[in-house]
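# An overview of the molecular structure
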Amino acid sequence: MPEGDTIFRAARALHKALAGATVTGFETAYAHLASANDSTPVNGRIIETVEARGKWLLIHFSGDLILVTHMLMSGSWHIYRPGERWKRPRSYMRIILRTAEYEAVAFSVPVAQFHTARSLERNTAIPKLGPDLLKQDFSEDEAKSRIRARADEEIGNVLLDQKVMAGIGNVFKSEICFVCGVHPFRRVSSLSGREIDCLVDSGRRLMNANVTDTSGDQTVTYTGFRRTTRRSDPAARVWVYRRKGEQCRRCGTVIEMRRQGPGARSSYWCPQCQPIAAQHR
Ligand SMILES: [Zn+2]
């Protein structure tokens, strides 16, 4: 049975293989998808992102089209090179999505639907994204209560969960934790109200400071972190991210890194500025 972690990993693998590519072929064994595809073809659209939300896997195409599959007990997505032999019988095939480089095949997915952003929002079964840090109507209170609801989880994982807050990626996760003096492996239940406030405030501040350029993650990050560390030297733009073995810019302690969470994402921290034990400040 696919667990949340498995679906998360499947979504990452699909995203890596498919994002940015144009759909060159779409086939399905489901009549309702085939007829939807006749009226609003998938072919020719760009695959924008693939994400997991609970047991659901969402493939976002350009032009406001989203393919949602529920994995339930037996469903799976495989990625093949064109012409490569499938590992499951053709009779289990439900959807094929082709790009120039890959063939993504959904086997035995029991539920598959097309959505628009609007119909997805109205669907109560599919988990919603958390408040978007970049939106005007971002609710700090809602974000904080969604964080607190994950009491038993490590804050590094919670910050990356788009159902808690939408917008924080792996670079910002480590940087935000540093700015607030919070060790990324601390459980949410150990965090003070002040620390949670800091994480949400800093998240919003850093994310917004970085939206000056839409040419891609790297550039956006670059600009903002110059401001974050208040240094104009490009080499000094991040506090801890990818600085394992280097000295903390604040205290000189050697930065550490460990893999964390379902996707084994890298987390960086300063053991002096971000002690693992809760700080009572
Ligand atoms: Zn330090």
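Up top is the structure these notes are about.
Quick summary incoming for the structure in this document.

## Quick word on the overall build of the protein chain
- The secondary structure content of the protein chain amounts to eight helices and ten strands.
- Here the protein chain holds 281 residues, and 46% of them are scored as buried.
- Excluding contacts between residues fewer than 6 apart, the proportion of contacts in the protein chain whose partners are at least 24 apart in sequence is 58%.
- Working note: accessible area of the protein chain is about 13,900 Å², and carbon and sulfur atoms make up 49% of it.

## Some points on the sheet that holds strand E7 (residues 103-107)
- Taken together, four strands build an open sheet; the order of strands is E1-E6-E7-E5 and the sheet is antiparallel. Strands with a single pairing partner mark the edges of an open sheet, and in this sheet they are strand E1 (25-28) and strand E5 (76-80). Neighbour to neighbour, the strand axes of the sheet diverge by 15° on average, direction disregarded.
- When E1 meets strand E6 (residues 93-98), the two strands line up antiparallel, connected through four bridges. Residue pairing across strands places glutamate 27 opposite isoleucine 96, the latter belonging to E6.

## Comments concerning the pairing of E7
- Of all the five residues making up E7, five are buried; the element is thus mostly covered by neighbouring parts of the structure.
- Side chains Glu103, Val105 and Phe107 project from E7 onto one buried face, and the interleaved Ala104 and Ala106 project onto a second face that is buried too.
- Note: E5 against E7, five bridges, orientation antiparallel. Bridged to tyrosine 80 within E7 is glutamate 103.
- With five bridges connecting them, E6 and E7 associate as antiparallel partners. Along E7, the bridge assignment pairs methionine 93 with phenylalanine 107.

## As for the nonpolar core
- Leu57, Ile59, Phe61, Leu67, Trp77, Ile95 and Leu97 are the most contacted members of the largest nonpolar core, which totals 28 residues.
- Of all the secondary-structure elements, those providing two or more residues to this core are helix H1 (4-18), strand E2 (47-53), strand E3 (56-61), strand E4 (65-70), E6, E7 and strand E8 (111-115).
- When residues of this core are assigned to their parent elements, the largest contribution, six residues, is made by H1.
- When near neighbours in sequence (up to four residues on either side) are disregarded, isoleucine 95 contacts Phe26, Glu27, Thr28, Leu33, Leu67, Thr69, Trp77, Ala104, Val105, Ala106, Val109 and Ala112.
- Core analysis: the second largest hydrophobic core is formed by 22 residues, Ile147, Val158, Leu159 and Leu191 among them.

## Regarding unusual backbone geometry
- Phi at aspartate 64 is positive, roughly 55°, even though this residue is not glycine.
- Along the polypeptide, aspartate 64 turns up in the loop between E3 and E4.

## Quick word on the pattern of salt bridges
- Applying the stated rule across the entire model yields 13 salt bridges.
- Across the pair glutamate 51 and arginine 53 runs a salt bridge whose closest N-O atoms are separated by 3.0 Å. Side by side, glutamate 51 and arginine 53 carry an identical accessibility label, which is buried.
- Here aspartate 161 makes a salt bridge to lysine 163, at a shortest N to O gap of 3.3 Å.
- With relative accessibility at 15%, the residue aspartate 161 sits in the buried group.
- The structure contains a network of salt bridges with shared partners spanning Glu27, Arg90, Arg98 and Glu103.

## Overview of the state of the cysteines
- Counted according to the given criterion, the structure contains one disulfide.
- Between cysteine 180 and cysteine 198 runs a disulfide, and the two sulfur atoms are separated by 2.2 Å. A torsion of -90° about the S-S bond marks the disulfide between cysteine 180 and cysteine 198 as left-handed. Linking cysteine 180 in the loop between helix H6 (170-179) and helix H7 (193-209) with cysteine 198 in helix H7, this pair joins segments that are 18 residues apart in sequence.
- Owing to a relative accessible area of 3%, cysteine 180 belongs among the buried residues under this scheme.
- For the unlinked cysteine cysteine 177, the closest cysteine sulfur is that of cysteine 180, found at 7.5 Å.

## Here we look at the coordination of the zinc ion
- Note on the zinc ion: its protein donors are Cys248 (SG), Cys251 (SG), Cys270 (SG) and Cys273 (SG). The metal-donor distances range over 2.2 to 2.3 Å.
- Note that the zinc ion binds four donor atoms; their angles at the metal cover 101 to 113°, and the shape is tetrahedral.
- Along the chain, the residues donating to the zinc ion fall in the pattern C-x2-C-x18-C-x2-C.
- Residue classification places cysteine 248 among the buried residues on the basis of a relative accessible area of 5%.
- Look at cysteine 251 and you get partly exposed, because its relative accessible area is 35%.

## Quick look at the packing of aromatic side chains
- Summed over all chains, the structure comprises six aromatic pairs.
- Judged by centre distance (5.8 Å) and plane angle (45°), the ring pair of phenylalanine 26 and phenylalanine 114 falls under tilted. Taken together, the positions of phenylalanine 26 in strand E1 and phenylalanine 114 in strand E8 put the pair 88 residues apart, joining distant regions of the chain. Accessibility assignment for this pair places phenylalanine 26 and phenylalanine 114 in one class, buried.
- Consider the rings of tyrosine 80 and tryptophan 86, whose centres lie 6.4 Å apart with planes at 20°: the pair is stacked.
- The exposure class assigned to tryptophan 86 is buried, which follows from its relative accessible area of 16%.
- Through pairs of rings, three or more aromatic residues link up here, namely Tyr80, Trp86 and Phe107.
- Here arginine 250 stacks its cationic end above the ring of tryptophan 239, 5.0 Å away from the centre of that ring.
- The residue whose ring lies beneath arginine 258 is phenylalanine 185, and the NZ or CZ to ring-centre distance is 4.0 Å.

Reading the values: rules and limits
- Residues numbered from 1 in each chain as written.
- Predicted model: local features only at pLDDT ≥ 70, side-chain atom pairs only at ≥ 80, totals over all residues.
- Heavy atoms only, no water.
- Helix = DSSP H or I, 4+ residues; strand = E, 2+ residues; numbered from the N terminus.
- Buried < 20%, exposed > 50% of the residue type's maximum accessible area, 1.4 Å probe, protein only.
- Contact = heavy atoms within 4.5 Å.
- Areas by Shrake-Rupley, 256 points an atom, 1.4 Å probe, with all protein chains shown as cover.
- Pairing = 2+ DSSP bridges.
- Axes fitted to C-alpha atoms, helices over the stretch in contact; angles between N-to-C directions.
- Core = buried A, V, L, I, M, F, W, Y, C linked by side-chain atoms within 4.5 Å.
- Salt bridge = Lys/Arg side-chain N within 4 Å of Asp/Glu carboxyl O.
- Disulfide = S-S within 2.5 Å.
- Donors = N, O, S within 2.8 Å, 3.2 Å for Na, K, Ca; no water.
- Tetrahedral: all angles 85-135°; square planar, octahedral: opposite > 155°, others 65-115°.
- Phe/Tyr/Trp six-rings, centres within 6.5 Å; stacked < 30°, edge-to-face > 60°.
- Lys NZ or Arg CZ within 6 Å of the ring centre and 35° of its normal.

Nothing here speaks to function; it is all geometry.
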